[in-house]
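Below are the chains, spelled out letter by letter.
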Amino acid sequence: MKIESPRQQGRHPFPKFQKTMTEVAAPADGHGHDHHDHPSWLAHHFDDAEQQYDSGKLGMWLFLVTEVLFFSGMFCAYVLYRNRNPEVFEFCSAFLNEKLGAINTGVLLFSSLTMAWAVRASQLKQTKILVGMLGATLGCAAMFLGVKSVEYSHKWGIGLLPGRYYVAQVENAPHAETNYLQMLCVIPAILSAVFLLYYVYSLVIASKFHQRVAGPLLVSGLCFFAGVGLGNILEGGEHHDEHGAGSHAHDDAHGHAHADPLVQGVATAEKATVETADEGISFVKTSGGPVNDVAVTKEEEGIPNSKVNNQGMAGLFFSIYYCMTGVHAVHIIGGMLVITWLIVKASREEFHSEYFGPVDNVGLYWHLVDFIWIYLFPLLYLIT
Amino acid sequence: MNSLILADISEGFWFPPAASTFAKQVDFLYYAILWISIIFFIPIVIAMIYFMVKYRQRPGYKGSPEALHNTPLEITWTVVPSFIAIWIFWEGAVGYLDMAIIPDDTVDVAVYAAKWNWNFKYKENGAESPILYLPIDKDIKLTMQSKDVLHSFFIPAFRAKRDVVPGRYHYLWFHPTREGVFDLFCTEYCGDNHSTMITKVQVLSDEKYKAKLAELVKEPEDIVERGKWLYERKACKGCHYAGTEGAKGPGPSYNGSWGKKVPLANGTEVTFDENYVKTSILNPMEAARKGYETASAMPSYKGQLKDEQIDALIAFIRSLESGPARPK
Amino acid sequence: MSAVTSPMTTTVASPDKSPEHHYLNHSSGFLSWALTLDHKRIGMMYLAGILFSFFLGGVFALAIRIHLWNPNLDPEAAWLSNATYNRVFTLHGAIMVFLFIIPSVPAALGNFLLPIMLGTKDVAFPRLNLGSFYLWVTGLLFFTYTLFSSGIDTGWTFYTPYSIESKSAVEAATLGVFILGFSSIFTGLNFIVTINTMRPPGMTWFKMPLFLWAVYATSIIQVLATPVLGITVLLLALERFIGIGIFDPALNGDPVTFQHFFWFYSHPAVYIMILPAMGIISELMSVHSHKGIFGYRMIAYSSIAIALFGFLVWGHHMFTSGMADVTTIVFSALTFTVSIPSAIKVFNWLGTMYQGTVALNTPMIYALAFIFLFTIGGLTGLFLGALSTDMHLHDTYFVVAHFHYVMMGGTLVAFLGGLFHWWPKMTGKMFNDTAGILSAAIVFVGFNLTFLPQFVLGTRGMPRRYASYVREFQQLHQLSTIGAMTLGLGLLVAGLVLLHSLFYGKKAPMNPWGGATLEWECSSPPPHDNFSSPPTVGDPYDFTSVEYDGKTGSYFKKKK
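Residues numbered from 1 in each chain as written. Chains lettered and ligands numbered in written order. Predicted model: local features only at pLDDT ≥ 70, side-chain atom pairs only at ≥ 80, totals over all residues.

## Side note on the overall build of chain A
The secondary structure content of chain A amounts to 12 helices and zero strands. Put simply, chain A runs from its N terminus to its C terminus through helices and strands in the order α-α-α-α-α-α-α-α-α-α-α-α. (Helix = DSSP H or I, 4+ residues; strand = E, 2+ residues; numbered from the N terminus.)

## A short note on the overall build of chain C
When its secondary structure is counted, chain C shows 16 helices and two strands. By principal-axis analysis of the C-alpha atoms, chain C measures approximately 70 × 50 × 45 Å. Burial status across chain C gives 69% buried among its 560 residues. Considering only contacts within chain C whose residues lie at least 6 apart along the sequence, 82% involve residues at least 24 apart. (Buried ≥ 20, exposed ≤ 12 C-beta atoms within 10 Å, placed from the backbone. Contact = placed C-beta atoms within 7 Å.)

## Structural notes on the interface of chain C and chain B
Between chain C and chain B, the contact holds 75 residues from the first and 76 residues from the second. Breaking the side of chain C that touches chain B down by element, the ones donating at least two residues are helix H4 (82-118), helix H6 (162-165), helix H9 (255-289), helix H11 (325-353), helix H12 (362-385), helix H13 (387-393) and helix H15 (433-459) of chain C. Considering every element that reaches the side of chain C that touches chain B, the biggest residue donor is H11(C), with 14 residues. Looking at the side of chain C that touches chain B residue by residue, the classes come out as 39 nonpolar, 27 polar and nine charged. (Nonpolar A, V, L, I, M, F, W, Y, C, P; charged D, E, K, R; others polar.)

## Some points on the nonpolar core
Generally speaking, a soluble globular protein has its nonpolar side chains buried in company with each other. By size, the foremost hydrophobic cluster in this structure holds 369 residues, and its most contacted members are A:Leu134, A:Ile320, B:Val111, C:Ile95, C:Ile281, C:Ala369 and C:Phe370. Top element by residues in this core is H4(C). It accounts for 23 residues. Ignoring anything within four residues of it in the chain, the contact list for B:Val111 reads B:Trp118, B:Phe120, B:Leu142, B:Thr143, B:Met144 and B:Phe153. (Core = buried A, V, L, I, M, F, W, Y, C linked by C-beta atoms within 7 Å.)

## What to know about the sheet that holds strand E7 (residues 160-164) of chain B
Residues and elements named next belong to chain B. The strand order across the open sheet formed by five strands is E4-E10-E9-E6-E7, and the pairing between neighbours is mixed. On the outer flanks of this sheet lie strand E4 (132-135) and E7, each paired with one strand and no other. The mean angle between the axes of side-by-side strands here comes to 25°, regardless of whether they run parallel or antiparallel. Sheet analysis places strand E9 (residues 180-186) next to strand E10 (residues 199-204), joined by five bridges and oriented antiparallel. Within E10, the residue paired with Gly 180 across the bridge is Val 203. Relative to the sheet, helix H4 (residues 206-217) contacts E4 and E10, its axis offset from that of E4 by approximately 140°. (Pairing = 2+ DSSP bridges. Axes fitted to C-alpha atoms, helices over the stretch in contact; angles between N-to-C directions.)

## Notes on the sheet that holds strand E3 (residues 128-129) of chain B
Taken together, the five strands give an open sheet; going across it, the order is E3-E2-E1-E5-E8 (chain B), and neighbouring strands pair in mixed fashion. Looking at strand neighbours, the two that pair on one side only are E3 and strand E8 (170-174) of chain B, the edges of this open sheet.

## Regarding the pairing of E9(B)
Alignment of strand E6 (residues 151-155) of chain B against E9(B), held across two bridges, turns out to be antiparallel. Considered in E9(B), the bridge of B:Phe154 is made with B:Phe185.

## Some remarks on the packing of helix H2 (residues 49-84) of chain A against helix H8 (residues 210-242) of chain C
Remark: H2(A) packs on H8(C), axes separated minimally by 8 Å, with the N-to-C direction vectors making an angle of 40°. If you check the angle between H2(A) and H8(C), you find them oblique. Here H2(A) runs over H8(C); the crossing is right-handed. Here A:Leu62, A:Val65, A:Thr66, A:Leu69, A:Phe70, A:Gly73 and A:Met74 of H2(A) come into contact with H8(C), specifically with C:Val223, C:Leu224, C:Pro227, C:Val228, C:Gly230, C:Ile231 and C:Thr232. (Parallel < 35°, antiparallel > 145°, perpendicular 65-115°, else oblique. Left-handed = near helix turned anticlockwise from the far one by under 90°.)

## Quick look at the packing of H12(C) against H15(C)
Two numbers describe a pair of packed helices, the interaxial angle and the distance between the axes. All names here are of chain C. For the pair H12 and H15, interaxial distance at closest approach is 8 Å and the crossing angle is 10°. Relative to H15, H12 is oriented roughly parallel. Residues Thr 362, Ile 365, Tyr 366, Ala 369, Leu 373 and Thr 380 of H12 touch H15, and the partners they reach there are Asp 433, Gly 436, Ile 437, Ala 440, Phe 444, Phe 447 and Phe 455. A breakdown of the residues in the contact of H12 with H15 according to their chemical character gives nine nonpolar, three polar and one charged.

## Some thoughts on unusual backbone geometry
Following B:Lys115, the chain continues to B:Trp116 via a peptide bond in cis, the omega torsion being -10°. With omega at -10°, the peptide bond leading from C:Ser524 into C:Pro525 counts as cis. Within the secondary structure layout, C:Pro525 lies in the loop between helix H16 (474-504) and strand E1 (546-549). The phi dihedral of A:Ala206 is positive, around 50°, even though this residue is not glycine. The topology assignment puts A:Ala206 in the loop between helix H6 (180-205) and helix H7 (208-259). Even without being glycine, B:Asp137 reaches a positive phi, approximately 55°. Mapped onto the elements, B:Asp137 comes out in the loop between E4 and strand E5 (140-146).

## Looking at the confidence of the model for chain C
Residues and elements named next belong to chain C. The predicted model of chain C has a mean per-residue pLDDT of 90, with 96% of residues at 70 or higher. Low pLDDT (under 50) marks residues 1-18, which in the prediction has 29 contacts with non-local residues, meaning those over four places away or in another chain. In the model output, the complex is listed with pTM 0.86 alongside ipTM 0.90. (pLDDT = per-residue confidence, 0-100.)

## Quick word on the pairing of E10(B)
In this sheet, E10(B) lies alongside E4(B) in parallel orientation, the contact comprising four bridges. The residue bridging B:Leu134 from the neighbouring strand is B:Val203, located in E10(B).

In structure tokens:
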């Protein structure tokens, strides 16, 4: 935390200015850029570029803190649930394709690099490189979403849905023939078409500015489909294996129920709880409550699958999976919107060595989004 | 401190009668904090009023704005309250541990909380009752479970409270020391009829308790009486009033509908007869009545009631045709 | 809405009348308010919106009290049905907490005062500031929607699983809370940045007015705690939309986890409500005693201490929920750590009056009422922090009385005091002081009459959120209802006094009370850019050079 504010370093806080008629008559905000010593990029209530930059930076860091805390709620839910039902995580993470996760991790890491480069380019006023790098970041983000779409649609196809809607019958899982993927591709397809038209239009009117904006947008639209293609290749190649992984997971879990002391411990503990509670009292069975799920199905104990493969167990895992990755994806989309805004600003050549705060701050945001993924990937896909 | 004397004098004002061993510690700590608070509060108010009067702005008076800091004073009013707070915490924690650690050799009762009914099942002979009967001078252990949402079990006279959480068992123990009838409340908001989820607890001598249990275990012979007996124990009573014609609880009243056409939520009409009652018990959503769309959904009793019990309930509901007084 | 409520908007700006040129007549028309980036106008719009929400919540409060006049043992004869009563108390709680108290001091008074007290032209991010306001309005709209659909009957705490199965409009309410949360986060973020980077030359951290310290501490809590509320209500909304099951025991989720998540925010939120109120009292006590604040540093540190400790004590809302015994005891111990900084503040405020020159005008009377009520609120917290007594008192009327003493007797009374204190600055009009004092007196009496009986009710075992009650509680409930009516009357008088001043009030001088902070050095109401010439920053509590000028009715600072 800075103890000394820039204004305390001897600069005069209030540059003299004349109240003009235009200012008085200025509608709405009245924050006309009437200060002779205030360049257009410096907001009127700031004294100088440094103060503006510091404010923006501090604001962004605080925002990142709130973002981390926002995600931390879900990380807590993850930890609590994993702690309670470790066998569920073993069972379920086998359904996540770590190849797709790894590809996406690589894509995001690369986008962090391009974003960092973009920040440097903005300071050096290298407009072409800046727009290029922002475009590359945007493209990576789109590719990430493309791969994610394949992942999601595949899971929806075999009923790996959150909580109440979890219906997977893994033994005879129908393969993803439903058109979830096409549904997910509708909006990107429309956007890509719009971007293509926009690009053609920019070529027609031969506007350098519009070309600079439309180019990256079009590329990112195509990147989405590149991601879809890539994901399909990996997921398709995995198709048989995936099924194998599923049944493998059963074998695993099956074995564990007998061998793994952890799982056994959990099972005994659950039984114990119920027994102590049950002393001499025969409970009315509640409908579908967890108490029965865990306790009553004694005859099914030999089949750990049925203990785990239900809405309250695997379904809840997928709830956490979709919430975490879904909220992350929303952040990616949010990032793409602000990067697009940056591309527009950059194409107008607004950034220079004294004014590059927006690029810098969006960069910070982007790194955080990557950073969260770096945690999500191992926690959901890798750890068993 | 002189807690016992205080407790006796003001029992009628602050606390409900003390009827369990917890009351002694809780009341002592309560009165201790009360007196500490008064000892702090009175001087604060006196000082405030005194300063208000003495230093009030008036012609010819000017205050001296020098007193801005006094380290010894400030340390004193930081440290002294700290020690008092530590003591209060300690007393509270000790009392809490007493409540939390369940002794061996207890009289066990299972508590079933459901919207909006309490039902108690005694381990000794499997009897059930909507009112809690307890023997005096025994350690009682309650094993509590909720069928639906959060509830909280509270007997003010025992100073005992614990939430009842669905999907978990919660335990509560206490040691009644006084015969009599006391209030039992639900203190965790649980929906429409939260405020009617109240019943009584009756503490009995050992012989009377035994006799009561023996009486409770016998289900009534008469089929209508059996129906009423089930009505009070299976959480019907919390929603469906069996009395006052047309009285609208969270669910429709049983009274005065038998044999009549009733409108359903799906727009059709159906005759209120044996089949309709049976459907409502087993598949409530299929038989949902018009006008109750925003009320809480009724859970299905499939697998929880035997056919013979459903028959008894039907007989009871049918007996209300002419509208008897509402069972209390 | 504010364009309508302010009588000044129609004034046409005329640059040649420069002395009377101020932020209210700087520009005119609806858009000049709706799209303004001026922190003062945004603050005034917040004020109008917040007072509207307060009125709405107050109507619900009176409905509760009128309903409880009778025991309602026969639901047929009761005024409100149980289901309606549940909706009424839920809306009362949710509106008061999310729409009124949390934004009251920071967003309305804070927005208006913070930049002026800092001697700057605006907050660091004026657009974000306006955005926060519209987020708040959106949240209000969501709540209004619930009001006109099936209401909401879960209690303002949204405890699962009831909130999952309730058939009321929980989705709209949770999304409303989510949006209001972000409004609060952005306001807090804006204030932190403004205070950190835009303090004027000479204003070091320990030369900041205590109101700013309090707002700063509050902002830290807003930024750190509110996101957790955001994700919690988001998960709850998803729970209802797609049944994710994390908090639903029917899907193996855990309702107690929801309570942990919820209170991790909502306990610090209690300090979001009370800290700025404490800041106001610090200002009021010193200005109206015409004496520097006693133990400035202790008050500043205790604000920060409360903010930090406030994060560690959420478990004390859940002592009966079946947490592990060790956890429960640790939370109880931590809870007592918060009591100390609060106690320090009370003693310091009293010390401020000592040997001062105490002006007994409306804001000061409110401040004194605050000390009385807040002390009761704080001391009754001891009963609830101690574990064994809490086992008895938890979820009874004792808790209701306790938090009303803190949140209403504390925050609301301080807010009113602050409103009267800065009213001349905000509107440029003086109010009738005698009538103001009268309102304070009625509020004080009515408040105590409402809530003192509830301590007894709670100790005797009356549970919260009951639409009906056993007959033995009736007399105390009736006392409470009479108190509520008195309180309502007092608030009505206060409202009328302020309204009256808008139309018939004398023009306010620059510094009517003799304050030494920067906001008293610009005209009333302040000009569009706050200061016509740069202010000099000195000690905000140095009253030795502040003198009264009989001719203008204003205090002024002697040049040394």
